[in-house]
Amino acid sequence: KFKVINNGINFLKLQEYKSRSYLEYRNKFKNKDVFLHIGSFRHQKNHEFMLKVFSSLEPIKNNLFLILIGDGEGKKILLDMVDKLNIRKNVIFTGIQKDLGKYFDVSHIFFFPSIQEGFVNVIIEAQYMKLPICGSNIPALDESIYKEYHQYRFDPNNIEEASSCLMKILKDYKSKKLEHSRINAADFVKDNFKIELMAKQIADLYYELKNN
């Protein structure tokens, strides 16, 4: 017998991001389209694939930027890769960050091409911050990505498919087509993944086992 209890997210921490002003940082990305990724530089996160996809969108010509938050053993490979792809000025390596607010604030799309995952907190957090999700179609992401964003999921080994999904979601974002989805996705994660719900479910399970 198994009972699944979803991982709980402390949304109060994210609410603090919403209450702050990031005007100075926002001005750096004025009139630019920004993709965001948060994750350690490990093979499972598929960063090399991510950079190839981003490069295929001609970021210099189209004024696109990719923010990579994280660190890890694969960073040197990625730095060399952005130089070879001639996209160094359009890819921002921030290192590990505690205050994510300004990055959520300036970004338009959360890009997550992992080939293997467990439960992904940052996908929940991004949706709470009203970032649409363009993620891989691996089963581990099925429950955490809001249903309306499933049309933007892709094979994490198919550069052409991922590029197409990324441009489609950006186009839909800029045309305001995703306004309702962004609100509904934030409500979806609050209703299903808040830490208070996890605590209640654990307590209910404890009393259920105690009385049996």
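Residues numbered from 1 in each chain as written. Predicted model: local features only at pLDDT ≥ 70, side-chain atom pairs only at ≥ 80, totals over all residues. Heavy atoms only, no water.

**A short note on the pairing of strand 4 (residues 109-112)**
Two faces make up the sheet, and in a regular strand the side chains alternate between them. Side chains I109 and F111 project from strand 4 onto one buried face, and the interleaved F110 and F112 project onto a second face that is buried too. The sheet contact formed by strand 1 (residues 33-38) and strand 4 spans two bridges and is parallel. Bridge pairing in strand 4 places L36 opposite F110. (Buried < 20%, exposed > 50% of the residue type's maximum accessible area, 1.4 Å probe, protein only. Helix = DSSP H or I, 4+ residues; strand = E, 2+ residues; numbered from the N terminus. Pairing = 2+ DSSP bridges.)

**Some thoughts on the pattern of salt bridges**
It is possible for side chains bearing opposite charge to pair when their charged atoms get close. Counted according to the given criterion, the structure contains twelve salt bridges. Note that D105 is salt-bridged to R26, the shortest N-O span being 2.9 Å. Linking D105 in helix 6 (residues 101-106) with R26 in helix 2 (residues 23-28), this pair joins segments that are 79 residues apart in sequence. Among the residues examined, D105 registers a relative accessible area of 32% and is labelled partly exposed. Linking E117 and K45 is a salt bridge whose minimum nitrogen-to-oxygen distance equals 2.6 Å. One end of the pair, E117, is in the loop between strand 4 and helix 7 (121-128); the other, K45, is in the loop between strand 1 and helix 3 (47-56), with 72 residues separating them in the sequence. The exposure class of K45 is buried, given its relative accessible area of 8%. Shared partners join several salt bridges into a network, and the residues in it are E16, R20 and D99. (Salt bridge = Lys/Arg side-chain N within 4 Å of Asp/Glu carboxyl O.)

**Regarding helix 8 (residues 159-174)**
Taking 1.5 Å as the rise per residue, helix 8 with 16 residues should run 22 Å; its terminal C-alpha atoms sit 22 Å apart, in good agreement. Every buried residue of helix 8 is listed here: A162, S163, C165, L166, I169, L170, D172 and Y173. Each element contacted by the buried residues of helix 8 is listed here: strand 1, helix 3, strand 2 (64-69), strand 4, strand 5 (133-135) and helix 9 (179-193). Among the residues of helix 8, the N-terminal cap falls to N158, whose side-chain oxygen and the backbone nitrogen of E160 are separated by 3.2 Å. Positive backbone phi, at 70°, marks K176, one or two positions downstream of helix 8. (Expected span 1.5 Å × (residues − 1). Contact = heavy atoms within 4.5 Å. Polar contact = N/O pair within 3.5 Å; in protein donor to acceptor, adjacent residues only side chain to side chain.)

**Some remarks on the layout of surface pockets**
Volume-wise, the largest pocket comes out at about 270 Å³. Within the residue set of the lining of the largest pocket, elements represented by two or more residues are helix 1 (11-18), helix 6, helix 8 and helix 9. Counting residues per element, the lining of the largest pocket draws most heavily on helix 6, which supplies three residues. Of the residues assigned to the lining of the largest pocket, the class counts are six nonpolar, two polar and nine charged. Considering only enclosed or pocket space, the second largest pocket measures out at about 200 Å³ in volume. What lines the second largest pocket is simply F41, R42, H43, N46, H47, E48, F49, E73, G74, I77 and L78. At the level of elements, helix 3 and helix 5 (75-84) are the ones that each hand at least two residues to the lining of the second largest pocket. (1 Å grid on protein atoms, 1.4 Å probe; cavity = no way out; pocket = protein on both sides within 12 Å on 5 of 7 lines; lining within 4 Å. Points joined across faces, edges and corners; volume = space filled by probe spheres on them. Nonpolar A, V, L, I, M, F, W, Y, C, P; charged D, E, K, R; others polar.)

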